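# Inside the fold
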Amino acid sequence: MIEDELTHWFKDDKGESHRSVLRLETEPPQVHNNYPKDGTIMVRVINGIGTIGFKLSPDEALRLGTHLLNLSKEQLAMKRKLWNQKE
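Residues numbered from 1 in each chain as written. Predicted model: local features only at pLDDT ≥ 70, side-chain atom pairs only at ≥ 80, totals over all residues. Heavy atoms only, no water.

### Considerations on unusual backbone geometry
Of note in this structure, asparagine 33 is not a glycine but carries a positive phi near 55°. Position of asparagine 33 among the secondary structure elements: in the loop between strand 3 (30–32) and strand 4 (35–37). Residue asparagine 33 is classed as exposed on the basis of its relative accessible area of 60%. A positive phi is found at asparagine 34, a non-glycine position, where the angle reads about 65°. (Helix = DSSP H or I, 4+ residues; strand = E, 2+ residues; numbered from the N terminus. Buried < 20%, exposed > 50% of the residue type's maximum accessible area, 1.4 Å probe, protein only.)

Written as structure tokens, this is what we have:
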């Protein structure tokens, strides 16, 4: 199931527009041989050349998400600091 897509438009050196998409997909947990199995989270990158996907376990996805959250907070704090220095 597609959960979300982030679309990024950019222009190359020739000024032509291109699109890249980061798509998040999930497959729910299931019972296999009477034992519950983890669901999966797919991170898929789509561009004009092709598609590549990374299938993650919930633990791996949580680790990635936590890392992205921490990096984002650091970047926002640095930007805020630059704005405060400007004023």
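### Some details on the pattern of salt bridges
One pass over the full model with this rule turns up three salt bridges. Here arginine 23 ties to glutamate 5 by a salt bridge, and the two come within 2.6 Å at their closest N and O atoms. One end of the pair, arginine 23, is in strand 2 (residues 17–27); the other, glutamate 5, is in strand 1 (residues 2–11), and 18 residues separate them in sequence. Between glutamate 25 and arginine 23 there is a salt bridge, and its shortest N-O distance comes to 3.6 Å. Across the pair, arginine 23 and glutamate 25 agree in class, each one buried. When salt bridges with common partners are traced through the structure, they connect Glu5, Arg23, Glu25 and Arg44 into a single cluster. (Salt bridge = Lys/Arg side-chain N within 4 Å of Asp/Glu carboxyl O.)

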